[in-house]
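Residues per chain are reported as follows:
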Amino acid sequence: MSFVQLQRPLQRGAAATLLSTTTAATTTIAGLGERFSRLRITLQQSNAAVQGKRYASVKSQGAYRIPNKKTIAKKMGAKKTGDQYVIPGNIIYKQRGTIWHPGENTILGRDHTIHAAVAGYVKYYRDPARHPTRQYIGVTFNREDKLPYPPGAPRRRKLGLVAVPRKIEEAPATPDALSPSGIPLAVTRLPQIETAEQATPEPVEAAVKEPEKIPLEDGNSIISALIKEKLHKRRVQQAAAEKEKERLRKEAEIRMNTRVLRLQDDYSYRESNWEIGRLVGDVGTIPGSEKTDSRRAKFRLRRRKRMCSFNAIKKRKAAKAQLREEYKARVRANREKRIAERRVFAAKAKAGAAEKARDASGKVEA
């Protein structure tokens, strides 16, 4: 315990001074208590350390008290003002119930919180064409844009993309496309994509030159002919693979030119997931599909290749099992056939032996 520097008691010095200066004038004053009362010395004037008092060295924190007729704030209300920039996922307005409704490029959470779906600028607006009394919150890509957009105007999307009609071609009127009254029907069809079954097969082997015939005179000429025949088959297979690759490239080009952007649940125009997967295709079927730009895409492509290889192994195993079953069935059929033939042969031999025995017995009796 640390004490403040102590001072000499004031009582003795003050009393001595008082007694020395006022000896004659205070002869009528008697008693030490009366003298101290005249000095007017109190406990507050003495040192606090001498009295034994100690104050707190750390200030304590008071308890939080909720004011009357009030509750803890729920932090509701607007978190972003008009024309303020937001990114996807930002909270624009927190509410209980749909005081504000989600509009252009916004999402409504399950607790009625409105989030931004794209990066842009917040807009508070009304849309009488959509609902007469509701108020909406939307996000635009440009600060100068106003919501709602004019009726019939293309909706602005990310990177400046707008919805465009799909390219269609009118099929020519043919006798097959006539109505019962003889009027040709207006048929609009998409450009047809030739599949492997519909495509007219062109003779691939005709494009590959046949090897020259070599007279078979000795063993070396036979081996040479076999090697040339194998090389010719390999060239035919390569030509067929190149043709299939070109067909897939044309098919992918047609699909890319006839893409359809549909309105999704998040108020964005894009293709469906299955359509995007169809554009990519299986690994190795479309040129360029094996190239990746990110580490995650590389791992995803590796998994797809692995699954394709596993599926190919399963197909080969199933084909081998089917061949084994077919071989076993042929062996059983041949075995049953041989057994039936043996039974017929044994029955004929038995009948012949019995006939010979009857003939022999008849001759003996005669």
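Residues numbered from 1 in each chain as written. Predicted model: local features only at pLDDT ≥ 70, side-chain atom pairs only at ≥ 80, totals over all residues. Heavy atoms only, no water.

Q: How should I be thinking about the overall build of the chain in this particular structure?
A: The helix and strand tally for the chain stands at seven helices and 12 strands. Among the 366 residues that make up the chain, the fraction classed as buried is 17%. Relative to all contacts within the chain whose residues are 6 or more apart in sequence, the contacts with residues 24 or more apart total 42%. When the accessible surface of the chain is summed, it comes to about 30500 Å², and 55% of that surface belongs to carbon and sulfur atoms. (Helix = DSSP H or I, 4+ residues; strand = E, 2+ residues; numbered from the N terminus. Buried < 20%, exposed > 50% of the residue type's maximum accessible area, 1.4 Å probe, protein only. Contact = heavy atoms within 4.5 Å. Areas by Shrake-Rupley, 256 points an atom, 1.4 Å probe, with all protein chains shown as cover.)

Q: Looking at this structure, how should I read unusual backbone geometry?
A: Leave glycine aside and you will find that most residues have negative phi; peptide bonds, for their part, are mostly trans. Of the consecutive residues Leu147 and Pro148, the connecting peptide bond is found in the cis state with omega at 0°. Within the secondary structure layout, Pro148 lies in the loop between strand S8 (135–140) and strand S9 (169–170). Here the phi dihedral of Asn105 falls at roughly 60°; this positive angle occurs in a residue that is not glycine. In this structure, Asn105 sits in the loop between strand S4 (101–102) and strand S5 (106–108).

Q: It is not clear to me how the pairing of strand S7 (residues 120–126) should be interpreted in this structure. Could you clarify?
A: Each regular strand shows side chains that alternate between the opposite faces of the sheet. Along S7, five of the seven residues are buried, which leaves the element largely enclosed by surrounding structure. In this sheet, S7 lies alongside strand S2 (residues 85–86) in antiparallel orientation, the contact comprising two bridges. The residue bridging Val86 from the neighbouring strand is Gly120, located in S7. By the bridge criterion, six bridges tie S7 to S8 in an arrangement that is antiparallel. (Pairing = 2+ DSSP bridges.)

Q: Whenever I open this one, the sheet that holds strand S1 (residues 77–78) confuses me. Can you help?
A: Backbone-to-backbone hydrogen bonds pair the strands of a sheet. The strands run either parallel or antiparallel. Read across the open sheet, the four strands follow the order S1-S3-S6-S5; overall the sheet is antiparallel. Among the strands making up the open sheet, the edge pair consists of S1 and S5. Here S5 runs beside strand S6 (residues 114–116); their pairing, made up of three bridges, is antiparallel. Of the residues in S6, the one forming a bridge with Leu108 is Ile114.

Q: Help me understand the confidence of the model for the chain, please; the structure alone is not making it clear to me.
A: Low pLDDT marks regions whose predicted coordinates should not be analysed in detail. This prediction gives the chain a mean pLDDT of 75; 62% of its residues lie at or above 70. Looking over the chain, one finds the lowest element-wise mean pLDDT in strand S10 (residues 188–189), namely 42, and the highest in S6, namely 97. Throughout residues 283–287 the model reports pLDDT below 50, and contacts reaching past four residues in sequence, or to other chains, amount to 10 contacts. (pLDDT = per-residue confidence, 0-100.)

Q: Help me understand the pattern of salt bridges in this model?
A: If the charged atoms of two oppositely charged side chains come close together, the side chains can form a pair. The final tally for this structure, using the stated rule, is six salt bridges. A salt bridge links Glu246 to Arg249; the shortest N-O distance between them is 2.5 Å. Highlighted residues: Glu246 and Arg249, both in helix H5 (residues 219–257), separated by three residues, approximately one helical turn. Taking relative accessible area as the criterion, Glu246 reaches 34% and is therefore assigned partly exposed. Arg249 gets classed as partly exposed once you look at its relative accessible area, which sits at 37%. With a shortest N-O distance of 3.2 Å, Glu251 and Arg247 are connected by a salt bridge. (Salt bridge = Lys/Arg side-chain N within 4 Å of Asp/Glu carboxyl O.)

Q: What is the right way to look at the pairing of strand S3 (residues 91–94) in this model?
A: Pairing geometry for S1 and S3, over two bridges, is antiparallel. Bridged to Gly77 within S3 is Lys94. Note: S3 against S6, two bridges, orientation antiparallel. Within the sheet, the bridge partner assigned to Ile91 lies in S6 and is His115.

Q: Help me understand the packing of aromatic side chains, please; the structure alone is not making it clear to me.
A: One pair of aromatic rings is described through two measures. These are the centre distance and the angle between the planes. The final tally for this structure, using the stated rule, is four aromatic pairs. Relative to Tyr124, the ring of Trp100 has its centre 5.1 Å away and its plane inclined at 75°; by these criteria the two rings are edge-to-face. Separated by 24 residues along the polypeptide, Trp100 in the loop between S3 and S4 and Tyr124 in strand S7 bring together distant segments of the chain. One aromatic cluster is present, built from ring pairs that chain together Tyr93, Trp100 and Tyr124. (Phe/Tyr/Trp six-rings, centres within 6.5 Å; stacked < 30°, edge-to-face > 60°.)

Q: How should I be thinking about a positive patch on the surface in this particular structure?
A: A contiguous patch of positive charge on the surface is contributed by Arg316, Lys317, Lys320, Arg324, Lys328, Arg332, Arg335, Arg338 and Arg342. Looking at where Arg338 falls in the secondary structure, it is placed in helix H7 (residues 295–365). (Patch = residues over 30% accessible without salt bridge, like charges linked within 9 Å, V, L, I, M, F, W, Y side chains within 5 Å. Lys, Arg positive; Asp, Glu negative; His and termini not counted. Charge placed at Lys NZ, Arg CZ, Asp CG, Glu CD.)

Q: In this structure, what is going on with the sheet that holds S4? I would like to understand it.
A: Pairing is mixed across the open sheet formed by four strands, whose spatial order is S2-S7-S8-S4. Where the open sheet ends on each side, the last strands, each with one partner, are S2 and S4.

Q: For this particular structure, what's the right way to read the side chain of Glu104?
A: Position of Glu104 relative to the elements: it lies in the loop between S4 and S5. Apart from residues lying up to four places away in sequence, Glu104 is in contact with Tyr125, Ile137, Gly138, Val139, Leu147, Tyr149, Arg155 and Arg157.

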